[in-house]
Structures are given as structure tokens and as C-alpha cells.
Amino acid sequence: MLGAKMNIQVLPEHKLSSVAPLKQFNVEKKEVELILVKEQNGVQYTNSSDEVRETWGKKMDFLLSVIGFAVDLANVWRFPYLCYKNGGGAFLIPYVLFLFIAGMPLFYMELALGQYNKEGAATVWKICPIFKGVGYTVIIIALYVGFYYNVIIAWSLYYLFASLTSELPWLKCNNPWNSPNCTEPQHINGTFLGNRTPYAKYKNTPAAEFYEREVLHIHESKGINDLGLPRWELALCLILVVFILYFSLWKGVKSSGKVVYVTATMPYIVLFVLLIRGITLPGAMNGIRAYLHIDLEKLNDPQVWIDAATQIFFSLGAGFGVLIAFASYNKFENNCYRDAILTSTINCITSFFSGFAIFSVLGYMAHQHQVNIKDVATEGAGLVFIIYPEAISTLPGSTFFAIVFFIMLLTLGIDSSMGGMEAVITGLSDDFKFLKRHRKLFTFAVVFGTFLIALLCITNGGIFVLTLLDAYAAGTSILFGVLIEAIGVSWFYGVDRFSEDIERMMGFKPGIYWRVCWKFVSPAFLLVVVIASIVTSGNLRYDNYIFPRWSNMVGWSIALSSMLFVPIYAIYKLLIIPGTFKEKSSNICRIKRHIAICF
């Protein structure tokens with residue numbers, strides 16, 4: 001809007017000598033509000049409101065929050081299977097390559113961007129206001145993910161409660177939800193299955209029927225156009241998840257920074273316990289050998305490289321605005337370079353380590369049913385809610401192992417969801433100050449809003465809604481968002497200027513390796529991944545159910561609803577700035593060495 005004020009941030013008086021005169025920006029002085037910024041121990045004060053930005057209580061709070069966000073369910077239910085499917089140890093070649101040329105540089109870029117500017121995903125674009133739309137893009141995507149990600153946490157909670165019995169309910173076929181075709185695991189082997197279907201896809205085991213008929217009630221729905229009402233048991237679990245999220249976030253990083261001491265460390269304890277138990281099972285070594293086998297010929301398949309690229313990107317979690325939000329609460333002089341290397345490395349090692357716990361149990365399953373590893377290997381919900389629980393149910397002390405396993409899934413989900421919610425809350429409250437003044441109420445509105453939409457995902461046909469959101473809400477759109485973000489920082493704000501910002505914080509500039517990655521390699525990587533994501537997308541399906549055409553159109557509408565913020569906001573900024581098009585383009589991204597123009 002034409003009457004909007006512009007905030008010009010000026011460094012302390014002794015550094016003003018290199019600042020260009022205000023008149024060169026072609027704005028009226030009466031439209032300008034000067035805000036003096038002082039940096040004292042990394043905290044910014046303004047002379048207009050004496051506002052002090054909250055900081056992490058301890059450095060470990062920040063590190064655990066970043067690790068907790070990055071290490072999520074995908075580390076357990078996706079990476080091990082991708083590694084096995086794509087050549088085992090050979091898959092690590094493209095995976096590690098993409099980690100170094102794109103994953104780490106993008107991770108480092110977002111931490112440095114948030115820490116230097118001390119702003120959320122939207123207002124951090126004071127460095128180049130025409131790109132502020134991408135901030136809204138990632139905030140909207142983080143909100144969309146919360147709509148369905150919390151449902152998966154609710155499933156974990158439901159399984160946790162169901163595990164509090166002497167005999168796990170998915171062990172036998174004598175339950176009200178079982179179908180007449182239910183077959184108990186001890187009666188299923190390679191001869192029984194024949195060539196009809198892999199064991200992992202067989203739908204009539206007690207574990208498969210517990211998931212699909214008791215938890216999802218998918219048998220009572222004909223598809224996405226037949227949802228039904230929300231299931232009250234899952235609704236109660238979802239309410240509990242929402243309360244956990246709210247009371248973890250309502251006081252900002254002071255509260256969430258303490259919760260992650262449990263949620264970020266518990267998965268490692270549980271993974272270690274499950275690994276120790278897993279390697280003692282018959283057939284475990286066969287599973288681990290299958291996981292680690294090296295098939296270099298797989299590297300000739302372009303799909304392997306696409307899988308590695310998308311996995312490293314989504315695994316580290318760049319682009320959701322979370323890393324920017326978390327880093328904005330750091331002290332100004334914090335060494336975010338070391339943090340980026342440490343946390344991204346821990347994330348990738350966790351993915352690799354989890355494969356041993358998963359495939360030791362899959363080897364046991366293959367041994368029990370006298371089938372090949374490929375017949376029991378799977379990914380996603382089928383792994384953590386069907387195959388793994390079934391294996392646990394056959395062990396001595398099955399209740400104990402089931403409880404710790406679902407506690408692990410619960411904690412993996414909670415801290416990742418906390419990160420997404422924090423990105424939304426910080427991003428919008430930094431942009432709209434009245435939201436920051438009422439953070440507790442705003443936090444409640446965000447988590448309660450996600451609860452209302454999530455109710456669609458706990459109906460009889462809710463799995464179809466969840467699958468649709470998972471495919472479109474944060475697929476191509478988040479890749480597009482990070483591509484624009486990388487271009488905005490590297491080419492419009494400038495790698496040299498960005499490097500100077502880092503030097504002011506930590507006393508040293510990034511090396512040539514990082515600068516080349518930021519300017520050329522990472523944007524090229526993201527462009528290829530975006531194109532591959534679009535080209536490889538097809539009609540959506542869930543098992544044998546093919547989604548109708550209209551639902552795919554709805555999915556792309558969801559994706560576009562976030563991506564369109566980028567061009568719409570850029571056009572808006574160009575329209576409201578006076579002058580010729582050339583003057584507008586020059587003024588809107590002009591940032592001198594010690595001055596930032598915020599439109």
C-alpha cells in the first residue's frame with residue numbers, strides 16, 4: 001500500500017561514514033522511520049520500542065531443537081528402504097555427494113541468514129524485499145504439513161495406548177475388527193504366498209488389519225469422496241498431541257528448548273535398545289547384509305540419483321523456515337558454521353544407523369516366514385505400523401519393545417512438528433507485531449487450527465486426504481521455495497555481501513567452496529530436483545486405489561496456493577514503489593553495506 005512506512009536500519013553512529021545519503025533511494029523523508037539498532041551480545045534493541053529479542057537459554061537447547069527437527073520419521077521409515085532398494089552401500093555415493101554440494105550449504109545458509117538478521121522466514125527478506133513472498137510460501141507450507149503430520153503422531157499415540165496390554169492386539173485374528181480372511185503370521189510362508197504378492201503387501205495379517213481396519217477404518221470408505229465422520233478415538237489422541245505442542249511452544253524457545261532434551265534424545269536411546277535386540281534375532285545378519293550390499297550398477301539408473309537428491313533435501317529440512325526461525329534466537333556471535341556441520345552430519349548418520357535397527361528385524365521377519373528380504377522390505381507407514389510392530393509382537397517381552405518403539409515414533413514426530421509450528425509462529429509474529437504481543441493466544445490459534453483441518457485425516461477415508469496433502473502440500477512447492485530462496489540470497493542480495501554478514505558474526509568469511517555452492521551448485525541442484533519432481537509426478541494412488549482426476553487438481557491447487565506468493569508479492573512491491581520500472585527494480589533490492597531498506 002502506498003502509505004506504508006519504510007524502516008531503515010542504521011548501524012551505530014561510529015559506523016555511519018560509509019552509508020550513502022538517503023536521497024538516492026528516491027523516497028520522501030516523511031515516509032521514513034529511522035530505527036537505531038545496537039548490537040549488545042547478539043541482542044538487538046530499537047529506540048522505538050526497546051524491544052529485546054528472546055534468545056536460547058543454552059546453546060544445547062538450540063542444537064537439540066535443530067537435531068530434533070531434522071531427525072524425523074523419514075530417517076527411520078524412508079532412508080533405510082531407499083538405501084536397500086538403490087544399491088545398498090552404493091546409494092551412499094550420491095547421497096553423500098549431494099550432502100556436501102547442496103544439503104550442508106543450504107543448511108548453513110539458512111542458519112546464517114536467520115542468525116544475522118534475527119527475523120523469521122518472512123521479515124528476514126528485509127535484505128531484498130521483493131523476495132518476501134518466498135517467506136510466506138515456506139510459512140504456508142509449514143502450516144500445511146502440520147495439518148497431516150500431527151495425525152501420524154496421533155497414530156503413534158494410539159498404538160502406544162494399544163500396546164499397554166499383556167498380549168499385543170495385532171498378534172492374532174480373534175479381534176472384532178479382523179476380517180474372515182485374516183491369517184495369523186505363523187501360517188504364512190513363501191509357499192502360502194506363492195507368486196501372488198510380497199509379504200509386506202499382504203493385507204490379511206493381524207498387524208495389517210489392525211492398522212487398516214481398526215486404526216484407519218479404510219474398509220468403510222470407497223475413496224476420497226467418501227470420508228465419513230472423524231473417529232473419536234483418534235480425535236482424542238489428536239487433542240492430546242495438540243496440547244503437548246501448545247504447552248511446548250506457548251512460551252517460545254524458553255519452553256520448547258527444554259522439551260527437546262527429552263524428544264530429541266529419546267529416539268537415540270530407543271534405536272540403540274532396538275538394535276541390540278535386533279541383532280540377537282535369527283536371520284538378523286541376513287537383513288543387515290542386504291542393507292549394506294553394494295550394487296554399483298544401480299548408479300546407472302537416474303532414479304537412484306533423484307531419490308538421493310530428494311532424500312538429502314527433505315531429510316535436512318531446509319526450506320521450511322524452521323532453521324531460519326531457530327537461528328534467529330541465537331546470540332549474534334554464535335558459530336553457526338560449526339552448528340551446520342555438526343547437526344547436518346548427525347542427521348545423516350542417524351539415518352544410516354537406523355537402517356541397522358530396521359533391517360536386523362526385517363531379516364528376522366524373512367527368516368520366520370521363509371521369504372526373501374525384498375518380500376518384507378517396505379517403507380513409510382507400512383514399515384512402522386505393520387511390519388515392525390508384527391515382528392515385535394512375536395518376541396519375548398513384546399509389550400516392552402512395542403512401548404519403547406512407539407515412544408520413539410512419538411518423540412520423533414513431536415519435535416519435528418514443534419519446529420514446523422515454531423516456523424509459522426515466529427515468521428508471522430515477526431511480521432505482525434500484535435501477534436508477538438499475544439504469543440500465547442496466537443500459538444493456541446495455530447495449533448487449534450491445524451487440529452480442525454486434521455479432523456479430515458482421521459475419518460474413514462482420512463488416509464486418502466493425508467496422502468493427498470503429503471504428495472502436494474510440501475513436494476514440488478517446497479523445492480520451488482528453496483530454489484527462489486537460494487537465488488534471492490546468492491544472486492540478488494549477493495554472495496559477497498552475505499559472506500561479509502557472516503564475517504561480522506563470527507570473524508571469518510566462508511571459504512570459496514561455500515560461496516561457489518551458494519551461487520552456482522546449490523541453485524543448479526535445486527533446479528534439477530524441481531524439474532525431476534514435476535516430470536516424475538503422475539496420477540496419485542494409495543495401494544490399488546487410484547485418485548480421481550479432480551483430486552489431483554485439488555492437490556496442485558494446494559501446491560500453487562503457496563508458490564504463488566512469490567510472484568504475487570513481487571508484483572505488489574513493484575506496483576507500490578514510485579518511479580520507472582528500472583528505478584523500482586533498482587530501489588527494491590538496493591542494500592548498501594551498512595543499511596537495510598525494509599518496505
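Residues numbered from 1 in each chain as written. Predicted model: local features only at pLDDT ≥ 70, side-chain atom pairs only at ≥ 80, totals over all residues. Heavy atoms only, no water.

## Description of the confidence of the model for the protein
Here comes step 1: Averaged over all residues, the pLDDT of the protein is 86; the fraction at 70 or higher stands at 87%.
Here comes step 2: The low-confidence segment residues 1-50 (pLDDT under 50) makes 96 contacts with residues lying over four places distant or belonging to another chain.
Here comes step 3: Below a pLDDT of 50 lies the segment residues 591-599, which in the model reaches 42 contacts outside its immediate sequence neighbourhood of four places, other chains included. (pLDDT = per-residue confidence, 0-100. Contact = heavy atoms within 4.5 Å.)

## Observations regarding the environment of Ala-162
Here comes step 1: Inspection of the secondary structure assignment puts Ala-162 in helix 5 (residues 132-162).
Here comes step 2: Separated by 241 residues in sequence, Ala-162 and Ile-403 place their C-alpha atoms 9.1 Å apart.
Here comes step 3: The contacts of Ala-162, once residues within four sequence positions are left out, are Pro-169, Trp-170 and Phe-210. (Helix = DSSP H or I, 4+ residues; strand = E, 2+ residues; numbered from the N terminus.)

## A few points about the nonpolar core
Here comes step 1: Ranked by size, the top nonpolar core spans 198 residues in total, and within it Trp-155, Tyr-211 and Phe-385 carry the most contacts.
Here comes step 2: In terms of residues, this core owes the most to one element, helix 5, which gives 21 residues.
Here comes step 3: Dropping the residues within four chain positions of it, Phe-385 is found in contact with Trp-77, Ile-152, Trp-155, Ser-156, Tyr-159, Ala-207, Tyr-211, Phe-406 and Leu-409. (Core = buried A, V, L, I, M, F, W, Y, C linked by side-chain atoms within 4.5 Å. Buried < 20%, exposed > 50% of the residue type's maximum accessible area, 1.4 Å probe, protein only.)

## Some words on the side chain of Thr-378
Here comes step 1: Along the chain, Thr-378 turns up in the loop between helix 15 (373-376) and helix 16 (381-393).
Here comes step 2: Owing to a relative accessible area of 10%, Thr-378 belongs among the buried residues under this scheme.

## Points about the pattern of salt bridges
Here comes step 1: Inspection of the entire model under this criterion finds 14 salt bridges.
Here comes step 2: Put simply, Lys-203 and Asp-543 hold a salt bridge, and the shortest N to O gap is 2.7 Å. Separated by 340 residues along the polypeptide, Lys-203 in the loop between helix 6 (190-193) and helix 7 (206-215) and Asp-543 in the loop between strand 4 (541-542) and strand 5 (545-546) bring together distant segments of the chain.
Here comes step 3: On the basis of relative accessibility, which here comes to 32%, the residue Lys-203 falls in the partly exposed class.
Here comes step 4: Here Asp-543 falls in the partly exposed class, since its relative accessible area comes to 35%.
Here comes step 5: Across the salt bridge formed by Asp-501 and Arg-504, the nearest N and O atoms sit 2.7 Å from each other. Taken as a pair, Asp-501 and Arg-504 lie in helix 21 (residues 476-506) at a separation of three residues, close to a single helical turn.
Here comes step 6: Among the residues examined, Asp-501 registers a relative accessible area of 3% and is labelled buried.
Here comes step 7: For Arg-504, a relative accessible area of 29% translates into the label partly exposed.
Here comes step 8: Residues joined in a network through salt bridges with shared partners are Arg-53, Asp-430 and Lys-436. (Salt bridge = Lys/Arg side-chain N within 4 Å of Asp/Glu carboxyl O.)

## Details of helix 4 (residues 92-117)
Here comes step 1: With 26 residues, helix 4 ought to run about 38 Å at 1.5 Å a step, and its terminal C-alpha atoms sit 35 Å apart, in line with that.
Here comes step 2: By the largest-angle criterion, Leu-99 marks the main kink of helix 4, which is about 50 degrees.
Here comes step 3: Of all 26 residues in helix 4, 20 are buried, a share of seventy percent or more.
Here comes step 4: Directly beyond the C-terminal end of helix 4, a positive phi value near 55 degrees is found at Lys-118. (Expected span 1.5 Å × (residues − 1). Bend = angle between axes of the 7 residues up to and from the residue.)

## Some details on the state of the cysteines
One covalent bond between the sulfur atoms of two cysteine residues makes up a disulfide.
Here comes step 1: Per the counting criterion, the structure on display carries one disulfide.
Here comes step 2: The disulfide partner of Cys-173 is Cys-182, and the S-S distance across this bridge is 2.0 Å. Across the S-S bond of Cys-173 and Cys-182 the torsion is about -70 degrees, and the bridge reads as left-handed.
Here comes step 3: Exposure remark for Cys-182: the relative accessible area of 13% places this residue in the buried category. (Disulfide = S-S within 2.5 Å.)

## Considerations on empty space enclosed by the protein
Here comes step 1: Evaluated as defined, the whole model comprises five cavities of 30 Å³ or more.
Here comes step 2: Empty space within the second largest cavity amounts to approximately 70 Å³.
Here comes step 3: In terms of lining, the second largest cavity is formed by Leu-274, Arg-277, Gly-278, Leu-281, Val-361, Tyr-364, Tyr-388, Ala-391, Ile-392, Leu-395 and Phe-401.
Here comes step 4: Looking at the lining of the second largest cavity, the elements with two or more residues in it are helix 10 (266-278), helix 14 (336-369) and helix 16.
Here comes step 5: Residues belonging to the lining of the second largest cavity are distributed by class as follows: nine nonpolar, one polar and one charged. (1 Å grid on protein atoms, 1.4 Å probe; cavity = no way out; pocket = protein on both sides within 12 Å on 5 of 7 lines; lining within 4 Å. Points joined across faces, edges and corners; volume = space filled by probe spheres on them. Nonpolar A, V, L, I, M, F, W, Y, C, P; charged D, E, K, R; others polar.)

## What to know about the packing of aromatic side chains
Here comes step 1: Taken as a whole and assessed by the stated rule, the structure comprises 58 aromatic pairs.
Here comes step 2: When the ring of Trp-56 is compared with that of Tyr-329, the centres are 6.5 Å apart and the planes differ by 90 degrees; the resulting orientation is edge-to-face. Of this pair, Trp-56 sits in the loop between strand 3 (43-46) and helix 1 (59-70) while Tyr-329 is found in the loop between helix 13 (322-327) and helix 14, placing the two residues 273 residues apart along the sequence.
Here comes step 3: A relative accessible area of 6% means that Tyr-329 is categorised as buried. (Phe/Tyr/Trp six-rings, centres within 6.5 Å; stacked < 30°, edge-to-face > 60°.)

## Looking at a nonpolar patch on the surface
Here comes step 1: A cluster of nonpolar side chains, namely Val-96, Phe-100, Trp-491, Phe-492, Ile-512, Tyr-513, Val-516 and Phe-520, defines an oily patch on the protein surface of about 770 Å² accessible area.
Here comes step 2: Here the element with the most residues in the nonpolar patch is helix 22 (residues 512-535); it accounts for four residues.
Here comes step 3: Note that Val-516 resides in helix 22. (Patch = residues over 30% accessible without salt bridge, like charges linked within 9 Å, V, L, I, M, F, W, Y side chains within 5 Å. Areas by Shrake-Rupley, 256 points an atom, 1.4 Å probe, with all protein chains shown as cover.)

## Quick word on the UniProt feature "binding site: Na(+)" (unreviewed entry) in the protein
Here comes step 1: Per the UniProt annotation, the sites labelled "binding site: Na(+)" (unreviewed entry) are Gly-68, Ala-70, Val-71, Asn-75, Ser-315, Asn-347, Leu-412, Asp-415 and Ser-416. For this annotated set, covering 349 residues, all C-alpha atoms fall within 14.1 Å of each other, a compact arrangement in space.
Here comes step 2: Secondary-structure assignment places Gly-68 in helix 1.
Here comes step 3: Here Gly-68 is in contact with Ala-264, Asp-415 and Ser-416, once residues within four sequence places are set aside.
Here comes step 4: Looking at the secondary structure, you find Asn-347 in helix 14.
Here comes step 5: Its relative accessible area of 1% is what places Asn-347 among the buried residues.
Here comes step 6: Once residues lying within four places of it in the same chain are set aside, the contact partners of Asn-347 are Ala-70, Val-71, Asn-75, Ser-315 and Leu-316.
Here comes step 7: For Asn-347, the side chain forms a polar contact with the side chain of Asn-75, separated by 3.1 Å. (UniProt positions renumbered as here; feature names shortened; annotations may be inferred. Polar contact = N/O pair within 3.5 Å; in protein donor to acceptor, adjacent residues only side chain to side chain.)

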